[in-house]
Amino acid sequence: RAVAMSVSHSSRLNKLVREQYMRLPQDGRVQVTYVWIDGSGEGVRCKSRTLDKEPKSIEDVPEWNFDGSSTAQAEGSNSDMFLVPVCMFRDPFCLDPNKLVLCEVLKYNRKPAETNLRHTCKKVMDLVKDSHPWFGMEQEYTLLGINGHPYGWPDNGFPGPQGPYYCGVGADKVYGRDIVESHYKACLYAGVKICGTNAEVMPSQWEFQVGPCEGIEMGDHLWMARFILHRVCEDFGVVATLDPKPMTGNWNGAGCHTNYSTEEMRREGGLKHIEAAIEKLSKRHDYHICVYDPRGGRDNSRRLTGHHETSNIFEFSAGVANRGASIRIPRQVGQDGCGYFEDRRPAANCDPYAVTEAIMRTTVLNETGVETKDYTEH
């Protein structure tokens, strides 16, 4: 009964009835679901429309609009916002030929909305394209019941201490694997570059990885993977939170570790380029902390304590195979003398556009200090 009480009412509707309608033909017409980031910088919204034929490329998907006053993005007196399609995926919920389309949000004057961080990221990625930046981001998240309590945890009290849960197997070790595996399959179907998943250190906490992605593709694919996660969780009646420290006390927080390399880092002898990039990052720690969560570092301050496999938010550190450092160089990379490194500072609720843009500004465009350059005129 406790488990039944922790899921949403709509998840208990008869899903077999829904399947009857899902099988109906569409007469050549296509449902397109537009997905965008709302005014919180963390939430995603969506709405759907019918197109007369299947779009073959993003150029075939028309711009649309929405009421920004209902998403904390505009005032009611001037509320129309533009949805500009940027990346298209197959729809794992309504199936082919239907589509999910990620959109940028523009204001009434065609300027990017405040939480449209893709706009400047794209400019930066275009500037650095010759360095061929590859990213892989490890998205940690926590499953909650509809009551806000971690899914599967005792109603009153806590599960046993951390230790047996990471990559665990068994009903007493992991909670919610059905959701995780459904999300994985849905991402593969959609064309999201998901590359793995595992149970995390805190019970009810999971991680999926997206990548390798080049340039702007990293943010596009991670945001769509997040949308699909929230949508899958809706079907199961639970909630996925990206809060960086959902449970206070002796429990691991949730990050979005970001693996990064340029072409010269991946080549023989690339370790010296990795070390040079880490040196640049060491001199700009405050700037990175500010953009690695949506609240200028306040969310991350709850997580980056120097405990639970984190570095201290006030100190920069780097090391080989060190999970308590700001930057970790994998042991294999140290042995091979080339490859990539991992920035362990980004919070689970970071905007991947902001994170990847910041890394490029510091390591390739050689920016210093807390101010950023405007490359609009380039």
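Not measured: the values here are computed from a predicted model.

> Got a minute to help me understand the overall build of the chain in this structure?
A count of helical and extended segments in the chain gives eleven helices and 13 strands. The C-alpha atoms of the chain give 21 Å as radius of gyration, which agrees with the globular expectation for 378 residues (21 Å, within 12%). Within the chain, contacts between residues separated by at least 24 positions form 66% of all contacts whose residues are at least 6 apart in sequence. Total accessible area computed for the chain in this model is approximately 17,700 Å², and 51% of it derives from carbon and sulfur atoms. Separation of charge centres in the chain, based on 44 positive and 51 negative side chains, amounts to 2 Å.

> For this particular structure, what's the right way to read the side chain of Glu367?
The topology assignment puts Glu367 in the segment after α11 (352-363). Within the structure, the side chain of Glu367 is placed 3.1 Å from the side chain of Arg284, a separation counted as a polar contact. Aside from chain neighbours lying at most four places away, what touches Glu367 is Arg284, Arg361, Thr362, Thr372, Lys373 and Tyr375.

> Please clarify how a nonpolar patch on the surface should be interpreted in this entry.
A contiguous nonpolar patch, built from Val17, Tyr21, Met22 and Leu24 and spanning about 380 Å² of accessible area, is present on the exposed surface. Secondary-structure assignment places Val17 in helix α2 (residues 15-22). Given a relative accessible area of 40%, Val17 falls into the partly exposed group.

> Looking at this model, I keep getting lost on the domain arrangement of the chain. Mind explaining?
Interface size is commonly expressed as the accessible area that is lost once the parts come together. Domain assignment breaks the chain into domain 1 (9-115) and domain 2 (125-364). Of the residues lining the interface, 21 residues belong to domain 1; the matching set on domain 2 comes to 23 residues. When domain 1 packs against domain 2, the two sides together hide about 1,900 Å² of surface, and 69% of this comes from carbon and sulfur. Taken together, the links from domain 1 to domain 2 amount to one salt bridge. Mapped onto the side of domain 1 that touches domain 2, the elements with two or more residues apiece are α2, β1 (30-37), β2 (44-51), β4 (80-90) and β5 (99-106). Among the residues forming the side of domain 1 that touches domain 2, the class breakdown is twelve nonpolar, three polar and six charged.

> Would you take a moment to explain helix α7 (residues 271-282) for this structure?
For α7, built from twelve residues, the straight-helix expectation of 16 Å at 1.5 Å per residue is met to within 8% by its first-to-last C-alpha distance of 16 Å. If you check which residues of α7 are buried, you get Leu271, Ile274, Ala277, Ile278 and Leu281. All buried residues of α7 lie within an arc of 120° about the axis, which places them on one face of the element.

> How should I be thinking about empty space enclosed by the protein in this particular structure?
The rolling of a water-molecule-sized probe over the atoms marks out the regions of remaining empty space. Under the counting rule described, the total for this entry stands at two cavities of 30 Å³ or more. Within this model, the largest cavity holds a volume of roughly 90 Å³. Forming the walls of the largest cavity are Ile37, Gln73, Val86, Leu102, Cys103, Glu104, Val105, Thr115, Asn116, Leu117, Arg118 and Tyr353. Among the residues making up the lining of the largest cavity, the classes are represented as seven nonpolar, three polar and two charged. Considering only enclosed or pocket space, the second largest cavity measures out at about 40 Å³ in volume. Lining the second largest cavity are Tyr165, Lys173, Val174, Tyr175, Ala199, Glu200, Met202, Pro203, Ser204, Gln205 and Trp206. Residues belonging to the lining of the second largest cavity are distributed by class as follows: seven nonpolar, two polar and two charged.

> Before we go on, may I ask you to explain the packing of helix α5 (residues 217-236) against α11 in this structure?
Contact geometry for α5 and α11: axes closest at 8 Å, N-to-C directions at 155°. Taken together, the axes of α5 and α11 lie roughly antiparallel to each other. By crossing handedness, the relation of α5 to α11 is classed as right-handed. Where α5 abuts α11, its residues Met218, Gly219, Asp220, Leu222, Trp223 and Arg226 lie against Pro352, Tyr353 and Thr356. Within the contact of α5 with α11, the residues separate by chemical class into five nonpolar, two polar and two charged.

Rules used throughout
Residues numbered from 1 in each chain as written. Predicted model: local features only at pLDDT ≥ 70, side-chain atom pairs only at ≥ 80, totals over all residues. Heavy atoms only, no water. Helix = DSSP H or I, 4+ residues; strand = E, 2+ residues; numbered from the N terminus. Rg over C-alpha atoms; globule rule 2.2 N^0.38 Å. Contact = heavy atoms within 4.5 Å. Areas by Shrake-Rupley, 256 points an atom, 1.4 Å probe, with all protein chains shown as cover. Lys, Arg positive; Asp, Glu negative; His and termini not counted. Charge placed at Lys NZ, Arg CZ, Asp CG, Glu CD. Polar contact = N/O pair within 3.5 Å; in protein donor to acceptor, adjacent residues only side chain to side chain. Patch = residues over 30% accessible without salt bridge, like charges linked within 9 Å, V, L, I, M, F, W, Y side chains within 5 Å. Salt bridge = Lys/Arg side-chain N within 4 Å of Asp/Glu carboxyl O. Buried < 20%, exposed > 50% of the residue type's maximum accessible area, 1.4 Å probe, protein only. Domains from an automatic or database assignment. Buried area = accessible area lost by both parts, 1.4 Å probe. Nonpolar A, V, L, I, M, F, W, Y, C, P; charged D, E, K, R; others polar. Expected span 1.5 Å × (residues − 1). Arc of directions from axis to C-beta. 1 Å grid on protein atoms, 1.4 Å probe; cavity = no way out; pocket = protein on both sides within 12 Å on 5 of 7 lines; lining within 4 Å. Points joined across faces, edges and corners; volume = space filled by probe spheres on them. Axes fitted to C-alpha atoms, helices over the stretch in contact; angles between N-to-C directions. Parallel < 35°, antiparallel > 145°, perpendicular 65-115°, else oblique. Left-handed = near helix turned anticlockwise from the far one by under 90°.

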